[in-house]
Structure formats: structure tokens, C-alpha cells
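Notes for the structure review
Single-letter residue listing:
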Amino acid sequence: MTELEMNEDTAMQYIVVKIGSEQYGINIASVDNIIRMQKITRVPTAQFYFKGVLNLRGVIVPVMSIHQRMELEESEITDKSRVVILRIEENGLLGIIVDEVSEVVTLTRNEIDPPNRDSRSTKDSFINGIGKNGGRLISLFDITTIVDQEETA
Amino acid sequence: MDVSQYLEIFIDETSEHIQALSDNIMALEKEPHDMDTVNEIFRAAHSLKGMAGTMGFKRMQHLTHTMEDVFQEVRSDKVQVNSAMIDILFKCLDAIEGYLDNVKNTSNEGTDDNEALVKSLEDYLNAAENGGAAPEEKPAAAPAPAEESAVSADAAESQEAAYLSIELADEEKDAIRASLNAGQKVYGITAYIDKECLLKAARAFLVFKAVEEFGQIIVFHPSSQDIEDEHFEFDFSFFLATAETDFDKIANAAKAVTEIVDVLGGEVDEAFLSSGKADEPESAEETAPAVAEPASQAAPAAAETKASGATNAPATKNKPVAGRTVRVDIEKLDSLMNQVSELIIAKNSLVSLSNSTDGKGLTQQEATEQIEYLERITTTLHESVMKVRMVPIESTVNKFPRMIRDLSRKLDKKMELIMTGEDTELDRTVVDQIGDPLQHLLRNSADHGLESAEVRRERGKPETGTIRLDAYQEGNNVVIEVSDDGNGIDTEAVKAKAIERGVVTADQAETMSQKEIIDMLFMPSFSMAKQITDISGRGVGLDVVKSNIEALGGDVEVKSKLGEGSKFTVRLPLTLAIIQALMVEVRDEKYAIALASIETIENISVTDIKYVEAKEVINLRGVVIPIIRLDQILECTPEKEDDDNLTVVIVRKGDKLVGLVVDSLGGQQEIVIKSLGKYISYNKIISGATVLGDGGIALILDVNVLM
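Residues numbered from 1 in each chain as written. Chains lettered and ligands numbered in written order. Predicted model: local features only at pLDDT ≥ 70, side-chain atom pairs only at ≥ 80, totals over all residues. Heavy atoms only, no water.

Between chain B and chain A, the residue contacts involve 21 residues of the former and 23 residues of the latter. When the buried area of chain B at its contact with chain A is split by residue, Tyr679(B), Ile680(B) and Ile697(B) rank highest and sum to 42% of it. Where chain B touches chain A, the interface holds one salt bridge. Salt-bridge contacts for Glu589(B) lead to Arg42(A); the nearest nitrogen and oxygen are separated by 2.6 Å. Where the side of chain B that touches chain A is concerned, the elements lending two or more residues are β13 (589–594), β21 (686–691) and β22 (697–701) of chain B. In terms of residue count, β21(B) provides more of the side of chain B that touches chain A than any other element does, three residues in total. Looking at the side of chain B that touches chain A residue by residue, the classes come out as 13 nonpolar, four polar and four charged. (Contact = heavy atoms within 4.5 Å. Buried area = accessible area lost by both parts, 1.4 Å probe. Salt bridge = Lys/Arg side-chain N within 4 Å of Asp/Glu carboxyl O. Helix = DSSP H or I, 4+ residues; strand = E, 2+ residues; numbered from the N terminus. Nonpolar A, V, L, I, M, F, W, Y, C, P; charged D, E, K, R; others polar.)

This is the structure we're talking about:
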């Protein structure tokens, strides 16, 4: 279910992460786990935005640099960096590296605006809504597009 | 009743019975008078019939029932087994297999009635009857459709309870009279059971139990023995002597039993008993048909409403049900259990050790001991788990004798198949997938390998050609050899064909070794059959065999001698999930190479590298081996200057060798193969990943791709 299909009063929880200088929201339903940075093993000849694979309790999980995926500038790995492990139906787990995980917010349908589609940057094609939380704006990820485009790539 | 939960068992067991039938019919063909075999077949057909009936597969039940009848006649020596009959029986088997395939794919048996087959079976039965045999019970016509068509509008109206038309024996009447005289009420009751019900006897028993709360059942109809043996349709009647005056109470108690559709009944008095029904012999004849009629009409009528609801059910769940299961010997599970308990003990002793030594922790020696203990347990545990996945190749190869028999007829060549080592065990996944390639090799031997009887006679060979399938374990591999004593591979013909097809030039062909020529057979679209037959030779031959086997991590080799026969050797790994591997390092990354494909490891001076066609090669003890630099293929950074000495891992695929340049060698290790997932697209050279002892990941290199 995408956010746009929700009723007026349905509330959804989002994990707010920082990527570059912006705040992004990931629907909590697609998050399996959030882990600290750990050793990532490079996979030769993989797509450029894949950092490699990591070992999550015996399961091999591919890890993507969301910065490179969104054609943003790669940022440094710091103490605050985290790998958000997404569970996408049928295809298993996928990790994305974010600069910081800050909080969980609850947004109702009223607080979500449709995305601004004018822009043609790759970055915006992953966004399917803008959440208003207090004074902040949070771009909401459309998890499936991260994968969909990846599959055709 | 929903039987879908039993589907998997049904599929498993049906396959087993089909196999048993196939084996025994083959045996019967050789020795038509062996009564043990006939009995075996009879039993298998009987079990199949029973299972199909239970699952509601009426067509399958009908076919197997007819087969059973035929064997009944064979058993009593009224029908002789002949080869035409064997042919029909094999066709029946194919038909049953067809049903089973339908069941696997759609949970339904399909709509093929196989009437022709049933007809030809019945011909045997009729022949037996005409031969002066005692009247034989006619094979039951498919019961369900017959009954359903009988259900018409007027049948629904007929709600007369069956008990009213029961013929009572004198002593039964006496029993009822005695109860009446004792001041009790006697009710005649008929209960109707849901047509989908599987355990009719159990339901009847529950009904009896429920009504016996109120009084005593004095008469059963049919008899209690028949009810126990389920010798009744969908209703049964009884007379209850009770002090209870409210019949509805009794009826409701009986109806409370699940799958009881309806309970009809009423009070019985002297008038009922003396009503003349069944008393005089002449009227008995008249009522006899009536006994069955209302009963069979009322039952479907009552069940109809339920049935109409149920008919939709199978249609909605048409998904494949074939499960991927392994039957595990209970002993294997026991040893697994034991090892797990040992693992727990080991953990506990570690815990207690770390607690006991007042904060000092484990001493070095204690730790080493415990680690060794743990190591031993995990190794045996791993072996046990692997064994659980292993199944004998029997399940795959035992369909081959039948296939060779059919081929023998079709090709009009005399041949026999000798199999050894059917009990050799392989990983379930491999066993499932090895069937097709082996079948192909056998067909190949039968079609192209063996000569016709005349040619064989001329060459002084026995007229009957021999095809062998030998399986055995060899180290960490299982070897399956398919050989024949036929013509062998005519390398000159292969060469000519290769030139004609433009695969090689005439000059190249001249310099090729025998082996290279034979290997050309494995190239795509290289079929040697002079005529395209439906047995082999559609150009999707050996290359498919080869790629199938390679997909399983194995390889295939051919040895052949013209005029004497050929031998295909298939080599397969014991298991796919866990392999022995050599760990190597390229820059600071770790990779694993399957030990099975490693030939040797060499230290080579940079100056030994030569160039052939602008490619790096080395000359190792007279063999020219191409060199692949892993750091380049794996896009490792940074570039590194060559040392004076290179470590080269020589890997083999078939008889091709390639040298892989690595930076350093790690040890040999047992690794568990894991998938990298679907998201990441990577070079084919990486076949998976494994988790190392320190939690890190090493990628597994598939050297086959390099060659």
C-alpha cells in the first residue's frame, strides 16, 4: 500500500533518517532492522551504488549506498552512520547506508503532500510524498522504486 | 471434508506405489506365473484405489479398481498374463501418473476418464467370466457421477426415513416388542452422513454413543459389524429403546455429531411391527427394491446442499502442491538429536566454567579443551545434517528399466539394463535434477550406441545389447557411469560432421586428438543421429546434458572405443550446500575456490610467463596453461607491481587447466554456500558468498566460468 491510498485519518509511522543535508522518512513497515556500520565486503563488478555485502547474523545482505543511488555526493562514514535493513517482499533483505537515524514520527494522511514532480533529478524519483511534521519537511521514500529501477538497471 | 492437508502424503505414497507397480509388472513380464509378484501388484493397485478413493479422485479410483479386479482374476488363475496385457498395464500406469501429475499441479485429478484403458481391462474381466468363471462382481461404475445424476427434483421431495422400510427379522421384532412391553418407547431413527465424510464408521459410532445416553439400541441396520466396516452408503438406521419421551432431544444429540447432515425418526409401535412389511415372503420381494431406493435418494438429497457448497472449493485452490520434502530415517534424526543435546552440554559446561573460577575466567587449557570439544560436536552435527539431506538415487533411476523396455520395443533392438549402486546417496536437490541428464544418456546409448541385432550378430557380439548404469561414491564425489557395449563413437564421422557444420576447418580437424573430437559432441546443436528420431537426436542432446550436470556442480566425460562401446562418466558433488574450499587473498580481499576444482598450486617466476596470441601462459612441465590475473578480473584496486614470484592456483575443468594468480593463500576450509540475493548484479565468476569464522564474508569464485 502506498501512502496515497490511505484514508484521511490513517496514521503511518516513519523512521526519519538523515541523508546528506536532508531528512527522509522510511515507512516503518518495510524496515527490518537498523544496525551500526560494519565491515562490508566489496562485490566485484556489481552496480556502482552497491557497496557490497554484509553479514547480518549469518544472512548475506547486499548494501547500497543510498547517496550514490540518489546521485548525491558520498558522505563520510561517521559514528552516527547506520545501515537500515529493509525487508522487501519476496526479494529478501537490502541494506541502505544513511548518515543518521534520528527518530520515529507518526504522520496522518493530512500531513502528507504529494511530491513535487517538476524536478527531474534522480533523487526525486524515489520520493512519493512530503511529510509535514511540526515545522519540518520530510521526504518520504518509495522503497519499491529503489528496487524496481535497480532490477531493470 | 477438506483433504488438502493429506495431498502431500498422497502424492508421495502414490509415486511409491506407481514405482512398485512398475517394478513388479516388469518382473511379471519375465515370469508371468510368479504368484508373489501378482500378489504384490494386487496389493499396490488396491492401496492406490483406496488412497484415490479417500482423496475423492474418482477417475483414478475407477481405473485402479479395474486393475485390481483384473489381478484378482489373475490370482485365481482365470486370466493369463500375456504381453498385450503387460502393455495395457503399463499404459494404465502412465495414465495413473498422468492423474498424479494433475494432482501435483492443480490439486485435482483432471478430467481424462481413460475409458479406452478401462474398457480394455474390462475385456479381460469379461473374458474371464465367459470362461465359465463364477459370476464376478461388476467393476463399480464411477460411483460419484452416477449418484449425482440420480439426484433429481423429485428425489429431494422424498424425505421418507429409511428405517420405515427396513425388513426386520423375527428376533429383532421380538426385541422391540419386549422393550415396548417393558413400558419403554422405541424410536426408529435414520441418520444421514455428509457425502464428503471420510470416517463414516467413526461418525456412526459417535451417533450411537450420543443416543445411548438416552437408552439402548436394540436393532442396528445395517448390522453393527457392517457399520464398523463402513459397509453402508451415506445413511444408517437403528432402533432405540428409551424412557425419553421427547424424540427431538435424541435427534438433536445425534445431529450434534459433526458431518451428520440429518436425523429422521419417529416412534415405533406394535402396529409398525405388524404392518406386514417384510413379514410374508411374497411382500418381501416387493419391498426389497424399495429398501434401497428411498435410502439412496434421501441421502444425496440431504447431502446435496452441502455438496454444492463444496464443489467450488477445489476450483479455487488450483495451485501446485508438489512439496519439496525429504523422508528422513528416524535413526538419522535420533543421532541429530543426540548431537544437539551434546551441544547444549558443551554450552553449559562453558557457562559453568566461566562462572566458577571467581572472576578469573577460563584458563588457557580449559578454553582449549572446550573449544576442541565444541569443534568435534559441530563437525559431527554438520555431517548428520548433511546426511539428512541425502537420499538414495534409487528414486530417480528406478524408472529407467521401464524406459529401456519401452525403447527396446520402439527401436526393435534387444537390450537390457543392468544397474548397480542404486543405494548411493546424494543431496536431494541433485537427485531431483539428475534424472533428465541420465535419461538422456541412456536414450543415447539405446538409440545411437547399440547396434541392431543383425549387426551385432555379424560382429560376434551377443544379440542382446547391454547398457549399464553404475553409481558409486568416490571421495567427496558420486560417480554415475552410463556405458554400453555398442558401436562406440565414430570419431571420423564426428569430424566430418564438424567440418560440414563449420565448427572446425578441415585443417583444424586433422590436428585434433580423439578426445577433442569426442568433446565436440557436447557442443550446442551437434546431434550425431543420422536420422532424427523421437528418442534422441533433436539437436538438444549432449550439450544440454552437459550444462545440466554442470549446473549441479558436476562434470561429464566420455570414453569410447569404436566397435566396443562407450562410457559416459558423470561426476557429482555429494552436496551443494557445503563445500571444501581453499581460501585465497587478492589484495586484501578473501575469496574461496572450491577445492574439488583445484589441480595444483605453483610458485612461478615472472620470467616464466610467455605470451601466446597476446595472452599470458605458462609452460608447466610440458603443459601450456593460460594465466588469469584475478586482481584484474575482480577489478581490485590498487594496481600492484608483480613480485618476482607469483602464486598460481591451477584449476581444472574437465581436462582444461587455467592458472589463477593470487596474492597469498589461506588455509583449506569447509564453507557454507550462501546466496548474494537478487538485488545485486555481479559477474558470473562469483557464485555465492560464505561467512567466515570472524564474521567477515568471503566471495566464492566459480572457476568454471573462467574457462
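Our next topic: the sheet that holds β21(B). Within a sheet, neighbouring strands are paired by backbone hydrogen bonds and run either parallel or antiparallel to one another. Residues and elements named next belong to chain B. One open sheet holds the five strands; their spatial order is β20-β12-β13-β22-β21, and the pairing between them is mixed. Sheet topology places β20 (664–672) and β21 at the edges, where each strand pairs with a single neighbour. Within this sheet the neighbouring strands show an average axis-to-axis angle of 35°, counted without direction. (Pairing = 2+ DSSP bridges. Axes fitted to C-alpha atoms, helices over the stretch in contact; angles between N-to-C directions.)

It is worth spelling out the environment of Asp94(B) at this point. Residue and element names in this part refer to chain B. Considering the arrangement of structural elements, one finds Asp-94 in helix α4 (residues 83–106). Measuring from C-alpha to C-alpha, the distance between Asp-94 and Ile-18 comes to 9.1 Å, with 76 residues separating the pair along the chain. Within the local environment of Asp-94, its side chain forms a polar contact with the side chain of Arg-402, the two groups lying 3.1 Å apart. (Polar contact = N/O pair within 3.5 Å; in protein donor to acceptor, adjacent residues only side chain to side chain.)

Let's shift gears to the confidence of the model for chain B. All names here are of chain B. When the pLDDT values of chain B are averaged, the result is 76; 81% of them are 70 or greater. In the predicted structure, residues 132–159 sits below a pLDDT of 50 and forms 29 contacts with residues beyond four places in sequence or in another chain. Taken together, the stretch residues 276–322 has pLDDT below 50 and engages in 55 contacts with residues farther than four places along the chain or on a different chain. (pLDDT = per-residue confidence, 0-100.)

It is worth spelling out the pairing of strand β10 (residues 555–561) of chain B at this point. Residues and elements named next belong to chain B. Relative to strand β11 (residues 565–573), β10 runs antiparallel, the two being bridged by seven bridges. For Lys-559, the partnering residue across the bridge sits in β11 and is Lys-567. Remark: three residues form the turn of the hairpin made by β10 and β11, two consecutive strands paired antiparallel; Gly-563 in that turn has positive phi of roughly 90°.

Further remarks concern the packing of helix α3 (residues 58–75) of chain B against α4(B). Residue and element names in this part refer to chain B. Relative to each other, α3 and α4 sit at 155°, their axes nearing to 10 Å. Classified by the angle between their axes, α3 and α4 sit roughly antiparallel to one another. Of the two possible hands of crossing, α3 and α4 adopt the one that is left-handed. Only Met-85, Leu-89, Cys-92, Ala-95, Ile-96 and Tyr-99 of α4 make contact with α3, whose side of the interface consists of Arg-59, Met-60, Leu-63, Thr-64, Met-67, Val-70, Phe-71 and Val-74. (Parallel < 35°, antiparallel > 145°, perpendicular 65-115°, else oblique. Left-handed = near helix turned anticlockwise from the far one by under 90°.)

It is worth spelling out the packing of aromatic side chains at this point. Counted under the stated rule, the structure contains four aromatic pairs over all chains. Judged by centre distance (5.5 Å) and plane angle (35°), the rings of Tyr49(A) and Phe50(A) are tilted. On the basis of relative accessibility, which here comes to 3%, the residue Tyr49(A) falls in the buried class. When the centroid spacing of 5.2 Å and the interplanar angle of 55° are considered together, the rings of Phe10(B) and Phe57(B) count as tilted. Placement of Phe10(B) in helix α1 (residues 7–30) and of Phe57(B) in the loop between α2 (35–55) and α3 is noted, with a sequence separation of 47 residues between them. You'll find Phe10(B) and Phe57(B) in the same group, each marked buried. By way of ring pairs, the aromatic residues Phe48(A), Tyr49(A) and Phe50(A) are connected into one cluster. Sitting over the face of the ring of Tyr49(A), Arg69(A) holds its NZ or CZ atom 4.5 Å from the ring centroid. (Phe/Tyr/Trp six-rings, centres within 6.5 Å; stacked < 30°, edge-to-face > 60°. Buried < 20%, exposed > 50% of the residue type's maximum accessible area, 1.4 Å probe, protein only. Lys NZ or Arg CZ within 6 Å of the ring centre and 35° of its normal.)

Parts of the prediction with low pLDDT should not have their coordinates interpreted in detail. All names here are of chain A. In the predicted model, chain A carries a mean pLDDT of 80, and the fraction of residues at 70 or more is 84%. Here helix α2 (residues 143–152) is the element of chain A with the lowest mean pLDDT, 62, and strand β3 (residues 31–36) is the one with the highest, 90. Predicted confidence is poor over residues 1–6, with pLDDT under 50, and the contacts of this stretch with residues over four places away or in other chains come to 12 contacts.

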